Amino acid sequence: SFANLRIHPHGLVLVDLQSYNDHMKGREEVDQLLNKVEERMKELFHGNIKRVKRLPAILRGGVIDRYWPTADGRLVEYDIDEVVYDEDSPFQNIKILHSKQFGNILILSGDVNLAESDLAYTQAIMGSGKEDYTGKEVLILGGGDGGILYEIVKLKPKMVTMVASNIDQMVIDGCKKYMRKTCGDVLDNLKGECYQVLIEDCIPVLKRYAKEGRMFDYVINDLTAVPISTSPEEDSTWEFLRLILDLSMKVLKQDGKYFTQGNCINLTDALTLYEEQLSRLYCPVEFSKETVCVPSYMELWVFYTIWKKQTDV
């Protein structure tokens, strides 16, 4: 074990204890030691300590990584107790970890994507139950976990097409095996009675649909969150989002709706920048937004509904 004591001029006293313990008994011994240190400090300061705060132990070097950052940069410790799936694809690292309260969680390159507990996310990006998908043409961009596809198929659409920029087959393989509470059986086959999954780059597909004049009642973009960068002109991610928006508007019916996620509610600058991009599309649009608590994100998340502005003829 190693202890570090720091005393700052303004009265702050920090005591850090690092200890190697791979069993519960050792952790209990450390807790007992810290209790004694705390009691002794109170004696030495003759009861003049205004506040004592003991932080939980950070466990480093374990087989299971329990720490993942939120979108706004706060470190969260999850109750992860099992590594279910961990593979590197040509595009990214894919992890599926089991949480006692959230179920299996899909994590792509260190970013928490979706957990089995997160039906609220899927419902929000589909319009929060306010839309009638019966007999409708739906285009999903992204959504490789299968959650959106699974929920929409239940609503008897005419046809759902799911396509993304490099849908990762390994993500689909991992989710259809370990995230079945989210995706059901829709990823078992790439074609069903009222849906098809295209493992292609979405941009050429969107351009092809626009050229063919194919139109959709709903376009749901689950590709990526709004970027945090405050310089959209210098960030290729913003250019990608604008391109996706423009192409989506070209295949969206005049009375259709476009749904997408935004980002964490705390990232106000990024959300404002995104809304500014909406005024730069080839056609005028209007939008509304909704804030939803996504369980495994442990933060409030913003979702957008965008539609073509109706113009007087």
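These numbers come from a predicted model, not from an experiment.

Criteria and cut-off values
- Residues numbered from 1 in each chain as written.
- Predicted model: local features only at pLDDT ≥ 70, side-chain atom pairs only at ≥ 80, totals over all residues.
- Heavy atoms only, no water.
- Helix = DSSP H or I, 4+ residues; strand = E, 2+ residues; numbered from the N terminus.
- Buried < 20%, exposed > 50% of the residue type's maximum accessible area, 1.4 Å probe, protein only.
- Areas by Shrake-Rupley, 256 points an atom, 1.4 Å probe, with all protein chains shown as cover.
- Axes fitted to C-alpha atoms, helices over the stretch in contact; angles between N-to-C directions.
- Parallel < 35°, antiparallel > 145°, perpendicular 65-115°, else oblique.
- Left-handed = near helix turned anticlockwise from the far one by under 90°.
- Contact = heavy atoms within 4.5 Å.
- Nonpolar A, V, L, I, M, F, W, Y, C, P; charged D, E, K, R; others polar.
- UniProt positions renumbered as here; feature names shortened; annotations may be inferred.
- Polar contact = N/O pair within 3.5 Å; in protein donor to acceptor, adjacent residues only side chain to side chain.
- Core = buried A, V, L, I, M, F, W, Y, C linked by side-chain atoms within 4.5 Å.
- Domains from an automatic or database assignment.
- Patch = residues over 30% accessible without salt bridge, like charges linked within 9 Å, V, L, I, M, F, W, Y side chains within 5 Å.
- Salt bridge = Lys/Arg side-chain N within 4 Å of Asp/Glu carboxyl O.
- Pairing = 2+ DSSP bridges.
- pLDDT = per-residue confidence, 0-100.

Attention shifts here to the overall build of the protein chain. Scanning the protein chain from terminus to terminus reveals 8 helices and 15 strands. Oriented by its inertia axes, the alpha-carbon framework of the protein chain measures out at about 80 × 40 × 35 Å. Within the span of the protein chain, comprising 313 residues, buried residues form 42% of the whole. Taken as a whole, the protein chain presents about 17400 Å² of accessible surface, with 50% of it coming from carbon and sulfur.

Before going further, it helps to examine the packing of helix α7 (residues 236–251) against helix α8 (residues 268–277). For the pair α7 and α8, the least separation of the axes is 11 Å and the interaxial angle reads 45 degrees. By the angle class used here, α7 and α8 are oblique. Pair α7 / α8 crosses with right-handed handedness. Packed against α7, whose contacting residues are W238, R242 and L245, the element α8 presents A270, L273, Y274 and Q277 at the interface. When grouped by side-chain class, the residues that make up the contact of α7 with α8 number 5 nonpolar, 1 polar and 1 charged.

Moving on to the UniProt feature "active site" (unreviewed entry) in the protein chain. The UniProt record annotates "active site" (unreviewed entry) at D222. Every residue in contact with D222, bar those within four places of it in the chain, is listed here: Y121, I125, L141, G142, G143, D145, I148 and Q261. Polar side-chain contacts of D222 include one of 2.5 Å to the side chain of Y121.

Our next topic: the nonpolar core. Grouped together as the largest cluster of nonpolar side chains are 78 residues, with contacts concentrated most on L139, I152, I220, Y258, Y274 and I306. For L139, the residues in contact, after removing those within four places along its chain, are T161, V163, L206, Y209, F216, Y218, V219, I220 and V251.

Inspection of the secondary structure assignment puts K308 in strand β15 (residues 299–308). For K308, the side chain forms a polar contact with the main-chain oxygen of L252, separated by 2.6 Å. Those residues in contact with K308 that sit more than four places away from it in its chain are M215, M249, L252, K253, Q254, Y282, C283, P284 and V285.

Domain boundaries in the protein chain define domain 1 (2–45) and domain 2 (117–308). Distance between the C-alpha centres of domain 1 and domain 2: 49 Å.

This part takes up a nonpolar patch on the surface. On the surface, L5, I7 and V15 cluster together into a nonpolar patch covering about 300 Å² of accessible area. Examined against the element boundaries, L5 turns out to sit in strand β1 (residues 2–7).

Strand order in the open sheet formed by 4 strands is β5-β6-β7-β8, and the pairing between neighbours is antiparallel. Edge positions in the open sheet fall to β5 (80–88) and β8 (111–115), since each of these has one partner strand only. Geometrically, the sheet is characterised by an average inter-axis angle of 25 degrees between neighbouring strands, direction not taken into account. One ladder, built from 4 bridges, connects strand β7 (residues 103–108) with β8; its direction is antiparallel. In the strand pairing of β8, I107 is matched with V112. Packing of helix α4 (residues 169–178) onto the sheet brings it into contact with β5, β6 (93–99) and β7, and relative to β5 it is tilted by some 150 degrees.

So, on to the pattern of salt bridges. Scanning the entire structure with this criterion turns up 15 salt bridges. Linking R40 and E43 is a salt bridge whose minimum nitrogen-to-oxygen distance equals 2.9 Å. You can see R40 and its partner E43 sitting in helix α1 (residues 24–44), 3 residues apart, about one turn around the helix. E151 serves as the salt-bridge partner of K154, at 3.3 Å between the closest nitrogen and oxygen.

Working note: regular strand, side chains alternate between the two faces of the sheet. The buried fraction of β6 amounts to 6 of the 7 residues, a majority that puts the element mostly inside the structure. In this structure, β5 lies alongside β6, joined through 7 bridges in antiparallel fashion. If you follow E82 over to β6, its bridge partner there is H98. Sheet analysis places β6 next to β7, joined by 6 bridges and oriented antiparallel. Paired with K95 across the two strands is I107, which belongs to β7. Taking the residues that link successive antiparallel strands as the turn, the β6-β7 hairpin has 3 residues.

Another point: the confidence of the model for the protein chain. Reading predicted coordinates in detail is not appropriate for stretches of low pLDDT. Chain-level pLDDT for the protein chain is 91 on average; 95% of the residues reach the 70-or-more range. Least confident of the elements in the protein chain is α1, whose mean pLDDT is 84; most confident is helix α2 (residues 119–124), at 98.

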